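Letter by letter, the chains look like this.
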Amino acid sequence: MKLKYNYLTNKVADSFVAVSTDKICEHKFIKFNETGAFIFEMLKSDVTEDEIISALLKEYEIDNETAKDSVRTFLKYVSDLGIIQYEC
Amino acid sequence: MKNTVYSIAGFNVEIKDNFGGIKSFGKKYISPDKNADFSVSVTKADIIREKELCTSECSAAYLERAAACRKLANLLPEKDCMLIHGSVIDVNGIGTVFTAPSGTGKTTHTLLWKKLLGEKLTVINGDKPILRFTKDGIYAYGTPWCGKEGFSENKYTRLKNLCLIKRSDTNRVYPLSRDEAVSVLLNEMFIPEDPYIFSKSLELADRIVSECSLYTVECNTDIEAAKISHSAIYGGKENL
């Protein structure tokens, strides 16, 4: 899976704001935290859920369950926004 | 088609009055300098577009003012400025912006402060001030776009405080988290159409969060609300 649109990611204070550069994208911007920004960055290329979980485990000192939960919650969030494509 | 140069946020802006809406800016915004830093002109297409965004029946003059505001706001981030939705007040050279979604009570709270402080307080702008970001700090300027109360001074203040106004039965002031402040700014700052210019605005938003004291002001409509928030924000330094 990967992002359907192109984004510029900006750090604002401790948050991250991704701004779509594609006019057809319905959501002009999305705000998320640092973990969200890490996952969002990975979604710029074609990637699987398991690959994101592994990368998250390498990057942060968290257990498997926490990583899975974080990834699933974030993927549901961006998927509900309609900005993910599953067939790449 | 008369072109007048206006002094807005320290810039000389030539604004073409094509539909009779701009002349209402009044004398206090007319610049003595005839050389403009840049110019803004509203076209028929802009008016049509603005009309689509307008929820009620609006005159061409009103739509021209709104469209001119939008056009200017799109140019500002590249000049280290941004338009924000809020009310800016100055007390002893220290500026505070009260922001909140429309209808929350920014104007009501501003009026309570005015009642409390009288001449010691200047309302710089009641609706759409421009923030200018310099090496020395952030300055909030009055603009001709000022809301129905007409609070509009061609003056500026050093912006030190950002306050999110929330309606409540009781009066309470507490810190606004940095994360919440970003959400508030995303709701209340002007969002430029161009994503690269929007990104530039976000750099400026980052400076607001870093350089201003951030407050949540829960308030009712009693004078006590202004007393409590003034004391929390300005430390009660004014002799009331």
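Residues numbered from 1 in each chain as written. Chains lettered and ligands numbered in written order. Predicted model: local features only at pLDDT ≥ 70, side-chain atom pairs only at ≥ 80, totals over all residues. Heavy atoms only, no water.

In this section: the overall build of chain A. Helix and strand counts for chain A stand at three helices and five strands. Taken from N to C terminus, the helices and strands of chain A fall in the order β-β-β-β-α-α-α-β. In terms of overall dimensions, chain A is globule-like: its C-alpha atoms have a radius of gyration of 13 Å, near the 12 Å expected for 88 residues. In terms of principal-axis extent, the alpha carbons of chain A reach across some 40 × 35 × 20 Å. For chain A, with 88 residues in total, the buried portion stands at 39%. Taking the contacts inside chain A whose residues are at least 6 apart along the sequence as the reference set, 45% of them involve residues at least 24 apart. Accessible area of chain A: about 5,100 Å², with a carbon and sulfur share of 46%. (Helix = DSSP H or I, 4+ residues; strand = E, 2+ residues; numbered from the N terminus. Rg over C-alpha atoms; globule rule 2.2 N^0.38 Å. Buried < 20%, exposed > 50% of the residue type's maximum accessible area, 1.4 Å probe, protein only. Contact = heavy atoms within 4.5 Å. Areas by Shrake-Rupley, 256 points an atom, 1.4 Å probe, with all protein chains shown as cover.)

Despite not being glycine, A:Ala13 has its phi angle at roughly 55°, a positive value. Along the chain, A:Ala13 falls in the loop between β2 (7-12) and β3 (15-20). Here B:Ala9, not a glycine, exhibits a phi torsion of approximately 55°, which is positive. With respect to the element layout, B:Ala9 can be found in the loop between β1 (2-8) and β2 (11-17). We classify B:Ala9 as buried; its relative accessible area is 1%.

Moving on, we get to the environment of A:Lys68. By the element assignment, A:Lys68 lies in helix α3 (residues 64-80). Residues A:Lys68 and A:Ile53 lie 15 residues apart in sequence; the distance between their C-alpha atoms is 6.0 Å.

Let us now look at the interface of chain A and chain B. Taken together, the 14 residues of chain A in the interface contact 16 residues of chain B. Across the interface of chain A and chain B, roughly 1,300 Å² is buried in total on both sides, 66% from carbon and sulfur atoms. When the buried area of chain A at its contact with chain B is split by residue, A:Val12, A:Lys28 and A:Lys31 rank highest and sum to 35% of it. Summed over the shared surface of chain A and chain B, the result is eight residue pairs in polar contact (both at pLDDT 80 or more). Taken together, the residues of the side of chain A that touches chain B sort by class into six nonpolar, four polar and four charged. (Buried area = accessible area lost by both parts, 1.4 Å probe. Polar contact = N/O pair within 3.5 Å; in protein donor to acceptor, adjacent residues only side chain to side chain. Nonpolar A, V, L, I, M, F, W, Y, C, P; charged D, E, K, R; others polar.)

A few words on the nonpolar core. B:Met82, B:Leu131, B:Leu202 and B:Ile208 are the most contacted members of the largest nonpolar core, which has 31 residues in total. For this core, the secondary structure elements donating two or more residues are β3 of chain A together with β8 (130-134), β9 (137-141), β10 (156-167), α4 (178-188) and α5 (195-211) of chain B. Those residues in contact with B:Ile208 that lie beyond four places of it in its chain are B:Met82, B:Leu131, B:Phe133, B:Ile138, B:Leu162, B:Leu185 and B:Leu214. Residues B:Tyr6, B:Tyr29, B:Cys58 and B:Phe190 belong to the second largest nonpolar core, which totals 28 residues. (Core = buried A, V, L, I, M, F, W, Y, C linked by side-chain atoms within 4.5 Å.)

Moving on: helix α2 (residues 49-59) of chain A. Residue and element names in this part refer to chain A. Every buried residue of α2 is listed here: Ile 52, Ile 53, Ala 55 and Leu 56. Viewed end-on, α2 has its buried residues packed into an arc of 165°, placing them on one side of the element. Those residues of α2 that are exposed and angled more than 90 degrees off the buried face are Asp 50 and Lys 58. Against the buried residues of α2 lie α1 (34-42) and α3. (Arc of directions from axis to C-beta.)

Residues and elements named next belong to chain A. The N-to-C vectors of α1 and α3 enclose an angle of 70°; their axes lie 10 Å apart at closest approach. In this view, α1 runs roughly perpendicular relative to α3, as classed from their interaxial angle. Crossing of α1 against α3: the hand is right-handed. For the pair α1 and α3, contact is made by Thr 35, Gly 36, Ile 39 and Phe 40 and by Ser 70, Val 71, Phe 74 and Val 78, respectively. In terms of residue class, the contact of α1 with α3 is built from five nonpolar, three polar and no charged. (Axes fitted to C-alpha atoms, helices over the stretch in contact; angles between N-to-C directions. Parallel < 35°, antiparallel > 145°, perpendicular 65-115°, else oblique. Left-handed = near helix turned anticlockwise from the far one by under 90°.)

We now examine the state of the cysteines. All names here are of chain B. A full pass over the atoms with the stated rule returns one disulfide over all chains. Sulfur-sulfur distance for the disulfide between Cys 54 and Cys 58 comes to 2.4 Å. Here Cys 69 is not disulfide-linked; the sulfur of Cys 146 is the nearest cysteine sulfur, at 11 Å. The buried category is assigned to Cys 69, whose relative accessible area is 6%. (Disulfide = S-S within 2.5 Å.)

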